[in-house]
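Spelled out, the chains give:
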Amino acid sequence: MERPNVTFLSDYGLHDEFVGVCHAVILRIAPRASIVDLTHGVPSFDVRRGAITLQRTLPYTAPGVHLAVVDPEVGGSRRAIAIRVAEDDRMLVGPDNGLLWLAAQRFGGVVEAADVSRSAYRLEPVSKTFHGRDIFAPIAGRLAAGLELHDVGEPLDPDAVEPLPMPMAELDGDELVAHVLAFDRFGNVMLDLEHEELTAGVGLRLGDRVEVNGVPGVYATTFADVAPGSVILYQDANRAMALAVNRGSAQDVLELVPDARVRIRRA
């Protein structure tokens, strides 16, 4: 069965030829494929940011083949894998470093996997530093052209796919302690906190005043609900809780770094 839809996410950026070459490899193999570039602006080597982005964007894409490459251990001992998830007949291709894990869980978990590190379909000679071109893109192309996982690699126990450890929010007295997962280019802060945890944990309602690491803010719907320069706790476009500053950077105002603890309480 032909799967012409391919999505592509990476930390390659757009200044070099890396993205274009991967496109070219896929299209030589599967000329009818339609490639959607989700982003190539994942911060360099940031596997967790890539995994979060992949998890949040794939529900808006057509089922098909999903190529993702954020690979700081390229050329090392990590496996190259292709996996099938339980829902939508989606297949994901990339390094086995946790990058694919969150998206796989979003679609019901991994039901089939293959180790494609030594696939007969990889490009030879294989570069030690550009597996995106020589391994991942050719495998994505073959899957888009209709091959199955067992055709492109050695069977792999789905339970052997590398998970991605994630922090978890917790209640500490009258405070909810969350953690910084990532930032976007506006300085908005993604938290490991769901709406239900917020309302059940500290009983917040829209419009309530809060303190975030001691800084006053408001639990609101959108940026314009508060004055410029004010901190807002809100549900982002992916229905997770986040922090922002209206016309500013919450990352800078709150002096946050990845994995920092964020203490939220009713003011």
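## Some thoughts on the overall build of the chain
Logical step 1: Looking only at helices and strands, the chain has 7 helices and 15 strands in total.
Logical step 2: The C-alpha radius of gyration of the chain comes to 20 Å, within 12% of the 18 Å expected for a compact globule of 267 residues.
Logical step 3: Its C-alpha atoms give the chain principal-axis dimensions of about 60 × 35 × 30 Å.
Logical step 4: Within the chain, the proportion of its 267 residues that are buried is 50%.
Logical step 5: Long-range pairs, those at least 24 residues apart, make up 65% of the contacts in the chain between residues at least 6 apart in sequence.
Logical step 6: For the chain, the computed accessible surface area is about 12,600 Å², with 50% contributed by carbon and sulfur atoms.

## A few points about the sheet that holds strand E3 (residues 65-69)
Logical step 1: As summarised here, the arrangement of the 7 strands in space is E2-E1-E3-E5-E4-E6-E7, forming an open sheet in which the pairing is mixed. In this open sheet, the two edge strands, each paired with only one partner strand, are strand E2 (34-39) and strand E7 (154-156). Here the strands of the sheet are splayed against their neighbours by 25° on average, with no regard to which way each runs.
Logical step 2: Of the strand pairs in this sheet, strand E1 (residues 5-10) and E2 are connected by 5 bridges, and their pairing is parallel. Considered in E2, the bridge of Phe 8 is made with Asp 37.

## Side note on helix H1 (residues 18-29)
Logical step 1: Between the first and last C-alpha of H1 there are 17 Å, a value that for 12 residues agrees with the 16 Å anticipated at 1.5 Å per step.
Logical step 2: When we look at burial in H1, the residues that qualify are Val 19, Cys 22, His 23, Val 25 and Ile 26. For H1, the buried positions fall inside an angular range of 160° around the axis, keeping them on one side.

## A closer look at the pairing of strand E6 (residues 110-115)
Logical step 1: As judged from the 5 bridges shared by strand E4 (residues 80-85) and E6, these two strands associate in the antiparallel manner. For Ile 83, the partnering residue across the bridge sits in E6 and is Ala 113.
Logical step 2: Pairing of E6 with E7 involves 3 bridges; the strand directions are antiparallel. Note that in E7 the partner of Asp 115 across the bridge is Glu 154.

## A short note on the pattern of salt bridges
Logical step 1: By the definition in use, this model includes 16 salt bridges.
Logical step 2: Where Arg 122 meets Glu 124, a salt bridge forms, and the shortest distance between an N and an O atom there is 2.9 Å.
Logical step 3: For Arg 122, a relative accessible area of 24% puts it in the partly exposed group.
Logical step 4: The class of Glu 124 is exposed, set by a relative accessible area of 55%.

## Here's the deal with the packing of H1 against helix H4 (residues 131-144)
Logical step 1: Interaxial distance between H1 and H4 falls to 8 Å at its minimum, and their mutual angle equals 35°. Taken as a pair, H1 and H4 cross one another with a handedness that is right-handed. Counting all contacts with H1, which are made through Val 21, Cys 22, Val 25, Ile 26 and Ile 29, the residues of H4 involved are Gly 132, Arg 133, Ala 137, Pro 138, Gly 141 and Arg 142.
Logical step 2: Along the lines of polarity and charge, the residues of the contact of H1 with H4 split into 7 nonpolar, 2 polar and 2 charged.

## A closer look at the packing of aromatic side chains
Logical step 1: Taken as a whole and assessed by the stated rule, the structure comprises 5 aromatic pairs.
Logical step 2: On the numbers, 5.3 Å between centres and 75° between planes, the contact of Phe 18 with Phe 130 is edge-to-face. A residue pair is termed long-range when its members are at least 10 positions apart, and Phe 18 in helix H1 and Phe 130 in the loop between E6 and H4 qualify at 112 residues.
Logical step 3: In textbook terms, an aromatic cluster arises when at least three aromatic residues are bridged by ring pairs, as seen for Phe 8, Tyr 12, Phe 18 and Phe 130.
Logical step 4: The cationic tip of Arg 106 hangs over the ring face of Phe 107; the distance from NZ or CZ to the ring centre is 5.2 Å.

Conventions adopted
- Residues numbered from 1 in each chain as written.
- Predicted model: local features only at pLDDT ≥ 70, side-chain atom pairs only at ≥ 80, totals over all residues.
- Heavy atoms only, no water.
- Helix = DSSP H or I, 4+ residues; strand = E, 2+ residues; numbered from the N terminus.
- Rg over C-alpha atoms; globule rule 2.2 N^0.38 Å.
- Buried < 20%, exposed > 50% of the residue type's maximum accessible area, 1.4 Å probe, protein only.
- Contact = heavy atoms within 4.5 Å.
- Areas by Shrake-Rupley, 256 points an atom, 1.4 Å probe, with all protein chains shown as cover.
- Pairing = 2+ DSSP bridges.
- Axes fitted to C-alpha atoms, helices over the stretch in contact; angles between N-to-C directions.
- Expected span 1.5 Å × (residues − 1).
- Arc of directions from axis to C-beta.
- Salt bridge = Lys/Arg side-chain N within 4 Å of Asp/Glu carboxyl O.
- Left-handed = near helix turned anticlockwise from the far one by under 90°.
- Nonpolar A, V, L, I, M, F, W, Y, C, P; charged D, E, K, R; others polar.
- Phe/Tyr/Trp six-rings, centres within 6.5 Å; stacked < 30°, edge-to-face > 60°.
- Lys NZ or Arg CZ within 6 Å of the ring centre and 35° of its normal.

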